Structure formats: C-alpha cells, structure tokens
Amino acid sequence: MRGYFAIGSERISKPMNLGALMRTANAFGASFVFSINAEHRLRAAYQADTSKTAGQVPYYQWDNVDEMQLPRGCQMVGIELTDDAVMLPTFRHPPQAAYILGPEKGDLSPEILARCDHVVKIPTKFCINVSLAGALVMYDRHLSMGGYAPRPIMPGGTAGDGLANTHVPGKDRK
C-alpha cells in the first residue's frame, strides 16, 4: 500500500479511548497519531495501549486547530455524521490522509470541519465509540487500498495473504 495516514481526535476526554485508538493505529500502520485540545491523562491512555505505540508511532498533541501542522499534500478527513458527508463504503481514501474524529460526547468543531478536505460518515444509526469509529475507518482504508483480490460471488474467500486470486469455497460449497 502506497502513501501514509494519521489518525486523531478533537477534544478526546477518555484516556482509555485514546489508548485504544493508539493501539489500533499502530496495528494498521499509522504514520502518526494526534489529538487537538485533548484532556491529557496519558498515563491511563498508555494502560489501554498494550502494544506500546508511543515507542513505535509519534503522538502529536496540539492545543487548538491553528497549531496543527500536517505534512504538505496531506488531506484532512473528518469523520462525522452530517447530512452532506460521504458514506464511508463509497469514499476513495486519499493516499496521504489525516483522519480526525470528534469527541466522545459531541461533534467536530466548526473550525475543524472548515479545515477538512473531506467529511465522511460511517453508515450507522447513531454515533459509536470514538476508538471503534477509528478502527472502522482504518480497516476501510486498508481494505480499499491494500491491493486485495475482489471478493468472490459465492461464499468463501481468497487463501493466504488475500492478494492472490485463489478462491477458497465456504463449507456449504465444497
């Protein structure tokens, strides 16, 4: 997979959510993790991050959106339930992206939305946990940009690394 991505949250207040987001970002190969205007109790966040992301992936803390500096060419993608947001399953991820999620009990600020190049929503009936939303976005990026073989028409999947086109039928199709 070419390109890079980062993921973060605005006004995140629960350290365990930040720790879970950091761990998942590390697992999916994020280039960095960030927060804007976060409540900082990082010792608790590190307890939720058993992969020790802090030693693997840089973590940037910005006090406000004006302090935030992304690499040149990096597009900011807001994850928010707005009427005009693009549905995640139809979204083409930019090669260089920084995904930003809102706080646990609130929305992305107007200042953040104004900085976003894209706004995407996860097709759910209501808001979900911030670390779970982050995991779904990273999984969708990985799935859509990872060069995997198309899914088969019949139940089953592709063997091995998923990149080859070797179909493995489901148990009901042998």
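How each quantity is defined
Residues numbered from 1 in each chain as written. Predicted model: local features only at pLDDT ≥ 70, side-chain atom pairs only at ≥ 80, totals over all residues. Heavy atoms only, no water. Pairing = 2+ DSSP bridges. Helix = DSSP H or I, 4+ residues; strand = E, 2+ residues; numbered from the N terminus. Phe/Tyr/Trp six-rings, centres within 6.5 Å; stacked < 30°, edge-to-face > 60°. Buried < 20%, exposed > 50% of the residue type's maximum accessible area, 1.4 Å probe, protein only. Core = buried A, V, L, I, M, F, W, Y, C linked by side-chain atoms within 4.5 Å. Contact = heavy atoms within 4.5 Å. Expected span 1.5 Å × (residues − 1).

*Asks:* Would you mind going over the sheet that holds strand E7 (residues 118–121) in detail, with residue names and values included?
*Replies:* Reading across from one edge, E3-E2-E1-E6-E4-E7-E5 is the order of the seven strands in this open sheet, with parallel pairing throughout. The open sheet has two free edges, formed respectively by strand E3 (59–62) and strand E5 (86–87), since each of these has just one partner strand. Pairing of E5 with E7 involves two bridges; the strand directions are parallel. Each bridged residue has a counterpart across the sheet, and for Val 86 the counterpart in E7 is Val 120.

*Asks:* Would you mind going over the packing of aromatic side chains in detail, with residue names and values included?
*Replies:* For the structure shown, the criterion picks out five aromatic pairs. Centre to centre, the rings of Phe 5 and Tyr 99 are 6.3 Å apart; their planes meet at 65°, and the pair counts as edge-to-face. Here Phe 5, found in strand E1 (residues 4–10), pairs with Tyr 99, found in strand E6 (residues 96–101); they are 94 residues apart in sequence, far enough to count as distant. A residue is classified by how much of its surface remains accessible, and Phe 5, at 5% relative accessible area, is buried. Residue Tyr 99 is classed as buried on the basis of its relative accessible area of 0%. Pairwise contacts between aromatic rings join Phe 32, Phe 34, Tyr 60 and Trp 62 into one cluster.

*Asks:* An account of unusual backbone geometry is needed here, citing residue identities and associated values.
*Replies:* For Arg 11, which is not glycine, the phi dihedral falls at a positive 55°. Here Arg 11 shows up in the loop between E1 and helix H1 (15–28). If you check the backbone angles, Asn 37 has positive phi at about 55° while not being a glycine. Mapped onto the elements, Asn 37 comes out in the loop between strand E2 (32–36) and helix H2 (42–48).

*Asks:* If you had to explain the nonpolar core to someone new, which residues and values would you point to?
*Replies:* Counting residues in each nonpolar core, the largest one holds 25 residues, and the members touching the most others are Ile 7, Val 77, Ile 79, Tyr 99 and Leu 101. Discounting chain neighbours no more than four positions away, the residues touching Leu 101 are Ile 7, Gly 8, Ser 9, Glu 10, Leu 21, Ile 79, Leu 108, Val 130, Ala 133 and Gly 134. Residues Val 65, Met 68, Ala 85 and Leu 108 belong to the second largest nonpolar core, which totals 16 residues.

*Asks:* Residues and numbers for helix H4 (residues 130–145), please.
*Replies:* Taking 1.5 Å per residue as the helical rise, H4 with its 16 residues ought to reach 22 Å, and the 22 Å between its terminal C-alpha atoms agrees with that figure. Inspection of H4 places Val 130, Ser 131, Ala 133, Gly 134, Val 137, Met 138, Asp 140 and Arg 141 among the buried residues, and these make up the whole buried set. For H4, the secondary structure elements touched by its buried residues are E1, H1, strand E4 (75–79) and E6. Gly 147, located one to two residues past H4, shows a positive phi value of around 75°.

These results come straight from atomic positions and should not be treated as a statement about function.
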